[in-house]
Amino acid sequence: MYKISLITGDGIGPELSESVTDMLHAINDKIGLKLEINTVEAGDGALKKTGKALPDSTFDTIKKSDACLKAPVGESAADVIVFLRRALDLYANIRPAKSYPNMPSLKENIDLVIVRENTEDLYTGMEFEVGNSAVALRTISEYASKRIAKYACIIAGQRNRQRKVTCVHKSNVMRKTDGLFARSCTQVANDFPDITFEQMYVDACAMNLIRQPESFDVIVTTNLFGDILSDEAAQVVGGLGMAPAANIGDNFALFEPVHGAAFDIAGKQVANPSSFILSAKMMFEWLGMKNNDSTSFEVAKKIEEAVYCVVSKGIKTKDIGGDKTTQEFTQQVISKLI
Ligand code: ATP
């Protein structure tokens with residue numbers, strides 16, 4: 001039995017959480033993978049209600065669970081997700097971008113993964129005001145760079161991948177910080193002789209993601225660049241509505257859509273739940289790997305096949321050119337899953 005903590009979030013978060021909860025209940029009832037789902041609050045709503053964006057009780061429940069599913073939160077994201085990533089040392093942010101059939105995708109056959117360092121860079125919150133200026137500190141360590149590079153090389157070596165890692169940075173300008181990142185990644189890649197390792201400046205990578213996205217396999221990069229490039233990669237394969245993510249540490253992992261709370265479409269039942277449904281798929285893969293659990297792997301495979309099957313038939317939400325509501329789309333996926 002797995003204990004899953006579920007942060008319902010803000011904006012479209014509650015609608016996506018309802019979809020994923022329905023799917024988890026169906027898996028629990030019909031597939032026989034026992035799941036205990038503990039719904040918790042965090043984000044703008046929790047801040048208003050309790051004075052804390054991440055209430056202590058929420059953090060306790062997350063720590064006691066086997067894995068966490070997190071819907072997007074609003075303005076208080078830094079106090080929720082940035083805090084959780086650092087507090088739980090979820091150092092690897094894995095963001096796949098894959099073309100599905102019938103998508104407004106730039107090209108077919110795109111299957112890349114962005115492996116984003118999740119604990120350092122400009123996202124540590126070390127900002128100061130000095131007179132009329134503001135200063136941000138960028139930290140890049142050899143330890144964190146090598147750790148993420150190793151993770152990227154391991155992913156690139158997995159059965160379904162192309163054994164290629166592109167290390168993305170801007171070391172010609174940020175010689176110390178990105179210089180260290182590039183050097184550390186190169187050293188780690190030397191221990192993986194069957195992986196093709198290349199380096200690319202971040203501006204060239206942004207361009208090549210549009211020009212030849214199918215040429216990428218695994219991209220490893222620093223926190224801020226990874227944040228930006230993964231939104232771009234998501235758009236290249238059809239939009240944020242299809243983009244899942246995993247935040248992985250050595251002992252715990254949290255799964256969430258790449259996108260934010262999308263307040264412009266909240267409460268209208270038009271959000272695409274695939275981003276969160278596919279995040280749950282990544283959770284089952286991780287649980288399968290961690291616990292050597294073939295049923296969990298099987299569930300992950302079924303979820304992806306169900307989404308693939310539904311969108312292949314042209315059953316889609318508005319953002320990807322369809323007319324189905326969040327719930328209608330969810331029920332279609334569930335019906336293919338069971
Ligand atoms: P953040 O900075 O927190 O990532 P953001 O301001 O970049 O947030 P998002 O909330 O990520 O904005 O989303 C950008 C736009 O993409 C939204 O306004 C919405 O129109 C669209 N969008 C995002 N997620 C979805 C989804 N699941 N389904 C449909 N459209 C979405």
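Scroll up to find the structure.
Residues numbered from 1 in each chain as written. Predicted model: local features only at pLDDT ≥ 70, side-chain atom pairs only at ≥ 80, totals over all residues. Heavy atoms only, no water.

Undergrad: How should the pairing of strand β12 (residues 253-257) be read in this particular structure?
TA: On a regular strand, one side chain projects to one face of the sheet and the next to the other, so that they alternate. Most of β12 sits inside the fold, with 5 of its 5 residues counted as buried. Side chains A253, F255 and P257 of β12 all project onto a buried face; the interleaved residues L254 and E256 project onto the opposite face, where all are buried too. Looking at chain direction, strand β3 (residues 67-70) and β12 are connected through 2 bridges and run parallel. Pairing of C68 across the sheet is with L254, part of β12. In this sheet, β12 lies alongside strand β11 (residues 244-248) in antiparallel orientation, the contact comprising 5 bridges. Bridging from a neighbouring strand, A245 pairs with E256 of β12. Between β11 and β12, which pair antiparallel one after the other, the connecting turn spans 4 residues. (Buried < 20%, exposed > 50% of the residue type's maximum accessible area, 1.4 Å probe, protein only. Helix = DSSP H or I, 4+ residues; strand = E, 2+ residues; numbered from the N terminus. Pairing = 2+ DSSP bridges.)

Undergrad: Is there a simple way to think about the nonpolar core in this case?
TA: Counting 69 residues, the largest nonpolar core has I27, L69, I94, V115, V220, F255 and F284 as its most contacted members. Looking at which element gives the most residues to this core, the answer is helix α9 (residues 274-291), with 9 residues. Counting contributing residues per domain, this core is built from domain 1 (1-94 + 242-338) and domain 2 (106-236), each supplying no fewer than three. Excluding residues within four positions of it along the chain, I94 makes contact with V113, I114, V115, Y151, I155, P244, A245, A246, I248 and M282. (Core = buried A, V, L, I, M, F, W, Y, C linked by side-chain atoms within 4.5 Å. Domains from an automatic or database assignment. Contact = heavy atoms within 4.5 Å.)

Undergrad: Would you take a moment to explain the site of the ligand for this structure?
TA: Within the structure, the ligand sits among 13 residues, and H259, G260, A262, D264 and N272 are positioned closest to it. A distance of 3.1 Å is found between a nitrogen atom of the ligand and a side-chain nitrogen or oxygen belonging to H259. One nitrogen or oxygen atom from the main chain of A261 is found 3.5 Å from an oxygen atom belonging to the ligand. Considering the ligand on its own, with 620 Å² of exposed area, one finds that the protein chains cover 60% of that surface. The residue inventory of the shell around the ligand, partitioned by class, reads 6 nonpolar, 5 polar and 2 charged. (Near = heavy atom within 4 Å. Polar contact = N/O pair within 3.5 Å; in protein donor to acceptor, adjacent residues only side chain to side chain. Areas by Shrake-Rupley, 256 points an atom, 1.4 Å probe, with all protein chains shown as cover. Nonpolar A, V, L, I, M, F, W, Y, C, P; charged D, E, K, R; others polar.)

Undergrad: I'm lost on the packing of helix α7 (residues 202-211) against helix α8 (residues 223-236) in this one. Help?
TA: Helix-helix packing is characterised by the crossing angle of the two axes and by the distance between the axes. Where α7 contacts α8, the two axes come as close as 9 Å, and the packing angle between them is 10°. With respect to α8, the element α7 is oriented roughly parallel. Where α7 approaches α8, its residues V202, C205, A206, L209 and I210 are matched on the opposing element by F225, L229, E232 and V236. Residue composition of the contact of α7 with α8, grouped by class: 8 nonpolar, no polar and 1 charged. (Axes fitted to C-alpha atoms, helices over the stretch in contact; angles between N-to-C directions. Parallel < 35°, antiparallel > 145°, perpendicular 65-115°, else oblique.)

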